Amino acid sequence: MDLTYTEAEEEFRSELRSWLSANIPDEWTRPGFWESLDDDESFRLRRDWERDKALAGFAGIQWPTEYGGRGGTPGMKAIYDEETVRAHAPRTVNPLGLTFLAPTVMAIGTEAQKKEIIGPMLRNEVIWCQGFSEPGAGSDLAALTTKGVRDGDDFVVNGQKVWTTNAVHGDKIFTMVRTEPGSSKHRGISMLLIDMHQPGVDARPLKQMSGASEFGEVFFDDARVPARDCLGEIGDGWRTAMLLLSFERGASGIAQYTEFRRQYDQIVEVARALGRDKDPVMRGTLARVLTELECLRLHAMHVLTQVEQGRDLGFEASMTKLQWSEAFQDLWEVFDDVLGEDATLDSIDGIDLRPLHAQAMWSRSVTIWGGSSQVQRNITAERVLGLPR
């Protein structure tokens, strides 16, 4: 495991820090700022800021230069993840497109798709959603029922997707559709790229318990998509989806560790302000969580080392998702323990708890989306450890 960065990577860190310092207003870094905005205003500010960041050369860090990227190393991408979190940079508004769709298009897209998709996505001119989950097909993606019927040069699509991030702000959606009548399970599925600004596509927000509406549901009612807007081969969408999801495997967990460590310090500050840091049981609980976070940091550096050496992590990526999501959830369970019966209050002794409550509520979701902990354990057991089904 290599815990160091090269001289060129450290120079990149310095350059990035300078840009972030000059381009993130102080008010954006104050606790509760983003929670004080409505969803539309928050989205607009983040979209504009991210576009400016891309134009300054701080986007697509590992993307090839011919696609508008920086052509950087895995170490530079890790530094980017770390420094943007430390600087309280806004969250991306195009996470699924940038993480999953773009590298898939680079790998198997047609020349026309590469031209039409990658540049506009990097500059946030087009916001992409992912349409995988359905009311009856969550972790079991192969159970999807949304259908696409061929009509000349188009597919006519009918069905419903749910838990779609940025559904109400999305311009286009890459979605899994059953395009071969009578097919089942993994066969006969295609990944279609559908324009959401057309008759027959209806995106509706879903209110979360935090009050935000990051997710939505999308209804297709005779929506049309040209057959040329299929990513990969028609009927071979399962293979395309597996390739697309594989691009998460290079994520080391460094960004998560950096964010969680800062949140840990905030929770400790609350414990001290309330005088609960002197309880030996509470101190032991805080120490246990801190140890868990430091294990995450070391695992993240291990993964980064493997990626830099060109190793395909494959199904071991499930271990990373399992580790960071459960560490995050454990962290915010400790927050509830610190507050005790005061956990329902918005403030206590002059401390505004609302931003922390929002994170605590969000933590409940992370062991579900992106593959639930149960699914990740099955993958790790069967594909990494070789245990029987």
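What counts, and where the lines are drawn
Residues numbered from 1 in each chain as written. Predicted model: local features only at pLDDT ≥ 70, side-chain atom pairs only at ≥ 80, totals over all residues. Heavy atoms only, no water. UniProt positions renumbered as here; feature names shortened; annotations may be inferred. Helix = DSSP H or I, 4+ residues; strand = E, 2+ residues; numbered from the N terminus. Rg over C-alpha atoms; globule rule 2.2 N^0.38 Å. Contact = heavy atoms within 4.5 Å. Areas by Shrake-Rupley, 256 points an atom, 1.4 Å probe, with all protein chains shown as cover. Lys, Arg positive; Asp, Glu negative; His and termini not counted. Charge placed at Lys NZ, Arg CZ, Asp CG, Glu CD. Pairing = 2+ DSSP bridges. Domains from an automatic or database assignment. Buried area = accessible area lost by both parts, 1.4 Å probe. Polar contact = N/O pair within 3.5 Å; in protein donor to acceptor, adjacent residues only side chain to side chain. Phe/Tyr/Trp six-rings, centres within 6.5 Å; stacked < 30°, edge-to-face > 60°. Lys NZ or Arg CZ within 6 Å of the ring centre and 35° of its normal. Salt bridge = Lys/Arg side-chain N within 4 Å of Asp/Glu carboxyl O. Buried < 20%, exposed > 50% of the residue type's maximum accessible area, 1.4 Å probe, protein only. Expected span 1.5 Å × (residues − 1).

An unreviewed UniProt entry annotates the protein as Acyl-CoA dehydrogenase of Pseudonocardia bannensis. A UniProt comment under Cofactor (unreviewed entry) is attached to the protein, and it reads "FAD".

(A) The arrangement of the overall build of the protein in detail. Helices and strands together make up the secondary structure of the protein, namely eleven helices and ten strands. Relative to its length of 389 residues, the protein is compact, with a C-alpha radius of gyration of 22 Å against a globular reference of 21 Å. Considering only C-alpha atoms, the protein reaches an extent of 70 × 50 × 50 Å along its principal axes. A separation of at least 24 residues holds for 73% of the contacts in the protein among residues at least 6 apart in sequence. Summing over all exposed atoms, the protein offers an accessible surface of approximately 19100 Å²; the carbon and sulfur share of this is 50%. A distance of 3 Å separates the average location of the 43 positive side-chain charges in the protein from that of its 61 negative side-chain charges.

(B) Quick peek at the pairing of strand β2 (residues 147–151). Here β2 pairs with strand β3 (residues 154–165) via five bridges, running antiparallel. Within β3, the position partnered with Val149 by the bridge is Val156.

(C) Here's a closer look at the domain arrangement of the protein. Assigned domains within the protein: domain 1 (7–93), domain 2 (128–234) and domain 3 (248–384). A separation of 32 Å is found between the C-alpha centroids of domain 2 and domain 3. Across the contact, six residues belong to domain 2 and five residues belong to domain 3. In this assembly, domain 2 packs against domain 3 so that about 420 Å² is buried in total across both faces, 78% of it on carbon and sulfur atoms. Taken together, domain 2 and domain 3 are joined by zero residue pairs in polar contact (both at pLDDT 80 or more).

(D) Region of the structure containing the packing of aromatic side chains. The full count for this structure, using the stated rule, is twelve aromatic pairs. Feature note: the residues Phe12, Trp19, Trp49 and Phe58 constitute an aromatic cluster, connected by ring pairs. The cationic tip of Arg150 hangs over the ring face of Phe155; the distance from NZ or CZ to the ring centre is 5.3 Å. Taking the ring centre of Trp324 as reference, the NZ or CZ of Lys321 above it sits at 5.6 Å.

(E) Representation of the pattern of salt bridges. Here the structure, examined in full by the defined rule, presents 30 salt bridges. The closest approach of N and O atoms between Glu10 and Arg13, which form a salt bridge, is 2.9 Å. With a gap of three residues between them, Glu10 and Arg13 both fall in helix α1 (residues 7–23), about one helical turn apart. When its relative accessible area of 33% is taken as the criterion, Glu10 is described as partly exposed. Given the relative accessible area of 9%, Arg13 is considered buried. Note that Arg204 and Asp202 form a salt bridge whose closest N and O atoms lie 2.7 Å from each other. By relative accessible area, Asp202 is classed as partly exposed at 33%. If you follow the salt bridges from partner to partner, you end up with Glu10, Arg13, Arg17, Glu82, Glu83 and Arg86 in one network.

(F) Focus on helix α7 (residues 254–273). For α7, which comprises 20 residues, the first-to-last C-alpha distance of 29 Å matches the rise-based estimate of 28 Å (1.5 Å per residue) to within 8%. Residues of α7 that are buried: Ile254, Tyr257, Thr258, Phe260, Gln263, Tyr264, Ile267, Val268, Val270 and Ala271. Check the buried side of α7 and you find it contacts α3 (74–86), α8 (280–308), α9 (317–339), β10 (351–352) and α10 (354–363). Gly275, located one to two residues past α7, shows a positive phi value of around 75°.

(G) Seen up close, the environment of His88. As for its position among the elements, His88 is in the loop between α3 and α4 (95–108). Since its relative accessible area comes to 30%, His88 is described here as partly exposed. In sequence terms His88 and Ala112 are 24 residues apart; their C-alpha atoms lie 36 Å from each other. The residues contacting His88, other than those within four sequence positions of it, are Ile24, Thr29 and Arg262.

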